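Letter by letter, the chains look like this.
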Amino acid sequence: MFDFSLTPELAALRERTLAFVRDVVIPAEKDFPAYDVQSPEEIKAMADRLEVLRVQAREAGLFAPHVVKEWGGMGLNMREMAIVFEEAGHSLLGPLVLNCSAPDEGNMHLLEVVASEEQKERYLRPLVAGEIRSCFAMTEPAPGAGSDPALLKTYAKRERGGWVINGTKWYTSGADGAAFAICMALTDHDSASDESKQAVKRSQATMFLVDTTNPGFRIVRHVPSMDVNFFGGHCEVVFEDCFVTDDAVLGEVGKGFQYAQVRLAPARLTHCMRWLGVAQRSMEMAIHYANARESFGQRLGQHQMVGSMLADSAMEIHAARLMIWHAAWLLDNGEQARQETSMTKVYVAETVNRVVDRAVQICGASGISEDLPLSLFYRSVRAFRIYDGPSEVHRAVIAHRILKQYAE
Ligand SMILES: Cc1cc2nc3c(=O)[nH]c(=O)nc-3n(C[C@H](O)[C@H](O)[C@H](O)COP(=O)(O)OP(=O)(O)OC[C@H]3O[C@@H](n4cnc5c(N)ncnc54)[C@H](O)[C@@H]3O)c2cc1C
């Protein structure tokens, strides 16, 4: 009944990804000291350096693993993605090189499921090919949408032949240099068509595809952040009298929150897959250090307290991987798996934080230095306990579902 073995094809793909990340991506990490570059020249230079690696990823048959073949991807299912994304995630650069990093990866999935054929040709195809980047603009400064998306304030007013969007977003990752944004806005339901009126009244939010060349779209600043490793920054952006035509509506008017679930449930899990790679690499660095370094007459790993940290990390990584595989299996079987993806997200986000923290501790001053990537991992992974739903919000939802289930 339970079979955790990989098919020969998947085992070979795993080996190929592992070898590519080890031989091509990790050696190139030194050329990418920080991704959050800001001038147009630096952004272009970074994109050019990235493209050199992406050419090799395409040649190795390792590009856009999550997208169906019809739109230029490798057509992997969630379980196969779990294997490939974890290997790619050994380097923070890996998912970017394989074109399966956030937010593009989640946006590609959303476009695949929801966009019209014309929208797919215009946005999805070049995104999958790695010719453009994208961003997802949902979170707003207080009192707007944050943990609670229902606080959404950005507003799209119906105008003849289109919509005028006004509002401020922040932490729009990757916005600087992106070709388009998927913007979540409340919609003017009074003037919506009769057919969609009901849906608008129920959900009152709509997703719009906004070209960043639109004169109504403006990047205010890169929000300075401890996560410095994001190409295009975590930006504050303003939509100011931003006019878009009707064909900019992604899917149907009023279904924005529904589509957010289409994006978030799998995106949550793919984040876990990538971050698990970081945990595994951190663990391996800690093991090497504990095997090589001596203190008080013995190898570090022989000290019980160090061994205990390694054992805890090994157990938690194993449990995290099994949770990811199980949730992936549920999604592959057509289930929504909301409870399982929520539980997995919380557990993996907290596990990766703990594993990286222990690895820093075991490696001593080297863990803090920039000689090892651990300090970069430490700074980068902290945010995962907040984005895609803070741990506390997931815990509240998980508890609510359990209580409701037993009450019934
Ligand atoms: C690195 C990074 C990248 C991001 N990228 C994007 C992006 O590309 N696009 C985008 O739209 N957004 C993005 N975000 C924003 C992210 O989605 C939000 O930070 C998240 O939804 C939380 O919203 P908030 O920061 O406004 O926190 P708040 O809503 O202000 O909540 C603050 C804290 O309060 C607690 N809390 C909130 N509600 C509850 C509750 N019900 N029960 C118990 N405790 C609670 C939690 O501890 C939470 O962390 C990003 C954030 C980060 C840090």
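A. Here's a closer look at the site of the ligand. Among the 16 residues in the neighbourhood of the ligand, the closest are listed as Phe136, Thr139, Ser147, Tyr171 and Ser173. Measuring from a nitrogen atom of the ligand, one finds a side-chain N or O atom of threonine 139 at 2.6 Å. Within the backbone of tyrosine 171, a nitrogen or oxygen atom sits 3.0 Å from a nitrogen atom of the ligand. Burial of the ligand by the protein chains amounts to 62% of its free accessible area of 980 Å². At the level of elements, strand 3 (162–173) and helix 13 (391–407) are the ones that each hand at least two residues to the shell around the ligand. The dominant element in the shell around the ligand, judged by the number of residues it contributes, is strand 3, at 3 residues. Taken together, the residues of the shell around the ligand sort by class into 8 nonpolar, 6 polar and 2 charged. Two domains each put at least three residues into the shell around the ligand: domain 2 (134–257) and domain 3 (261–407).

B. Inspection of the packing of helix 3 (residues 78–88) against helix 9 (residues 304–332) at higher detail. It is the contact of helix 3 with helix 9, at a shortest axis distance of 7 Å, that shows an interaxial angle of 145°. Between helix 3, through Met78, Arg79, Ala82, Ile83 and Glu86, and helix 9, the contact on the second element is made entirely by Arg321, Ile324, Trp325, Ala328, Trp329, Leu331 and Asp332. Residues belonging to the contact of helix 3 with helix 9 are distributed by class as follows: 8 nonpolar, no polar and 4 charged.

C. Region of interest: the domain arrangement of the protein chain. Split into domains, the protein chain comes out as domain 1 (8–128), domain 2 (134–257) and domain 3 (261–407). In this assembly, 25 residues from domain 1 lie in contact with 26 residues from domain 3. Contact with domain 3 buries area across many residues of domain 1, yet Met78, Glu86 and Leu92 alone supply 31% of it, more than any other trio. Between the two partners, domain 1 and domain 3, sit 4 salt bridges. In this structure, arginine 79 engages aspartate 332 in a salt bridge whose closest nitrogen and oxygen atoms are separated by 2.7 Å. Counting every contact that joins domain 1 to domain 3 gives 11 residue pairs in polar contact (both at pLDDT 80 or more).

D. Expanded view of a nonpolar patch on the surface. Where nonpolar side chains cluster on the molecular surface, the patch consists of Met1, Phe2, Phe4 and Leu322 and spans about 560 Å² of accessible area. Structurally, phenylalanine 2 is set in the segment before helix 1 (8–28). Overall, the relative accessible area of 69% leaves phenylalanine 2 in the exposed class.

E. Quick look at the packing of helix 3 against helix 8 (residues 256–292). Close contact between helix 3 and helix 8 brings their axes to 8 Å; oriented N to C, the two are set at 35°. Helix-helix and strand crossings are classified by hand; for helix 3 and helix 8 the assignment is right-handed. From helix 3, Met78, Met81, Ala82, Phe85 and Glu86 reach across to helix 8, where they touch Pro266, Leu269, Thr270, Met273, Arg274, Leu276, Gly277 and Gln280. Here the contact of helix 3 with helix 8 is built from residues that sort into 8 nonpolar, 3 polar and 2 charged.

F. The arrangement of the nonpolar core in detail. With 93 residues, the main nonpolar core has Leu93, Val97, Leu98, Leu111, Met207, Leu250 and Ile324 as its most contacted residues. The greatest single-element share of this core, amounting to 13 residues, is contributed by helix 8. Once residues lying within four places of it in the same chain are set aside, the contact partners of leucine 111 are Lys120, Tyr123, Leu124, Leu127, Phe180, Leu209 and Leu250. Judged by nonpolar contacts, the second largest core, of 21 residues, contains Cys135, Ala175, Phe239 and Val249.

Reading the values: rules and limits
Residues numbered from 1 in each chain as written. Predicted model: local features only at pLDDT ≥ 70, side-chain atom pairs only at ≥ 80, totals over all residues. Heavy atoms only, no water. Near = heavy atom within 4 Å. Polar contact = N/O pair within 3.5 Å; in protein donor to acceptor, adjacent residues only side chain to side chain. Areas by Shrake-Rupley, 256 points an atom, 1.4 Å probe, with all protein chains shown as cover. Helix = DSSP H or I, 4+ residues; strand = E, 2+ residues; numbered from the N terminus. Nonpolar A, V, L, I, M, F, W, Y, C, P; charged D, E, K, R; others polar. Domains from an automatic or database assignment. Axes fitted to C-alpha atoms, helices over the stretch in contact; angles between N-to-C directions. Contact = heavy atoms within 4.5 Å. Buried area = accessible area lost by both parts, 1.4 Å probe. Salt bridge = Lys/Arg side-chain N within 4 Å of Asp/Glu carboxyl O. Patch = residues over 30% accessible without salt bridge, like charges linked within 9 Å, V, L, I, M, F, W, Y side chains within 5 Å. Buried < 20%, exposed > 50% of the residue type's maximum accessible area, 1.4 Å probe, protein only. Left-handed = near helix turned anticlockwise from the far one by under 90°. Core = buried A, V, L, I, M, F, W, Y, C linked by side-chain atoms within 4.5 Å.

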